[in-house]
Amino acid sequence: RGVHVEARLEELGIVLPPPGGPKANYTSCQRDGDLLYISGQLPAMDADGTLVTGTVGPAGQEGCITLEEGYQSARWCGLNIVATIKGELGDLDRVEKVVKLFGIVNSHVDFKEQHLVMNGASDLICEVFPDLPKHARSAIGTNTLPLGVATEVEAIVRIRSD
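Everything numeric in this text was worked out from a predicted model, so none of it was measured.

> Give me the environment of Lys112: which residues, what numbers.
When you line up the elements, Lys112 lands in the loop between strand S3 (95-106) and helix H3 (114-128). Residues Lys112 and Asn80, 32 residues apart in the sequence, show an inter-C-alpha distance of 25 Å. Of note is the side chain of Lys112, whose polar atom sits 2.8 Å from the backbone oxygen of Val109.

Below is the structure:
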């Protein structure tokens, strides 16, 4: 790998938040062999846990957040995925591949661009791990998410052994 991930984060001006803990009866990260299964990460924007909340809606839809705000929400989820990996492994250079992201967007019934919202998480992962192959991804819309958040993203990541 050309650039170490920690140096890449610094180069990008990205400071990882502390990894968020589970909000119910589960673990944030489960290791099985060379795979990490990362539970759905919420869009926590800072150490105090402030969340991006709201429903993503079509342009001009009253009471909804915009596609761009949804994109930023998904980006925060991606950042929290990276923080969770760092918390689990200590060394982000052990990541061999982000296999798949699964994203859920709190969507207005008329909003049909969940895939563009989820680019926020995908773009962040590709920026942080530029030398890795692209991941697979699913993006769906739903009428509500826990704690009223705008997005939630989970990941499957392959790692090098210790």
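> With reference to specific residues and values, describe the side chain of Ser107.
Structurally, Ser107 can be placed in the loop between S3 and H3. Take Ser107: its relative accessible area is 11%, and that puts it in the buried class. A polar side-chain atom of Ser107 sits 3.0 Å from a polar atom in the side chain of Gln114. In this view, Ser107 contacts Thr55, Val56, Gln114, Gly141, Thr142 and Asn143; residues no more than four positions away in its chain are not counted.

> So, the pairing of strand S1 (residues 29-32): which residues are in play, and what are the values?
Two strands pair when backbone bridges link them, and S1 and strand S2 (residues 35-41) are joined in this way by four bridges, in the antiparallel orientation. Residue Arg31 lies in a different strand from S2, and its bridge partner there is Leu36. Between S1 and S2, which pair antiparallel one after the other, the connecting turn spans two residues, and Gly33 there sits at a positive phi close to 65°.

> Any chance you could break down the pattern of salt bridges for me, citing the residues and the numbers?
For the coordinates displayed, the defined rule picks out five salt bridges. A salt bridge links Arg8 to Glu11, with the shortest nitrogen-to-oxygen separation between them at 2.8 Å. Within this pair, Arg8 and its partner Glu11 are both found in helix H1 (residues 5-12), separated by three residues, close to a single helical turn. Classification of Glu11 as exposed rests on a relative accessible area of 54%. In this structure, Arg31 engages Glu88 in a salt bridge whose closest nitrogen and oxygen atoms are separated by 3.2 Å. With Arg31 in strand S1 and Glu88 in helix H2 (residues 67-89), this pair connects stretches of sequence that are 57 residues apart.

Basis of the calculations
- Residues numbered from 1 in each chain as written.
- Predicted model: local features only at pLDDT ≥ 70, side-chain atom pairs only at ≥ 80, totals over all residues.
- Heavy atoms only, no water.
- Helix = DSSP H or I, 4+ residues; strand = E, 2+ residues; numbered from the N terminus.
- Polar contact = N/O pair within 3.5 Å; in protein donor to acceptor, adjacent residues only side chain to side chain.
- Buried < 20%, exposed > 50% of the residue type's maximum accessible area, 1.4 Å probe, protein only.
- Contact = heavy atoms within 4.5 Å.
- Pairing = 2+ DSSP bridges.
- Salt bridge = Lys/Arg side-chain N within 4 Å of Asp/Glu carboxyl O.

By themselves these figures say nothing about function.
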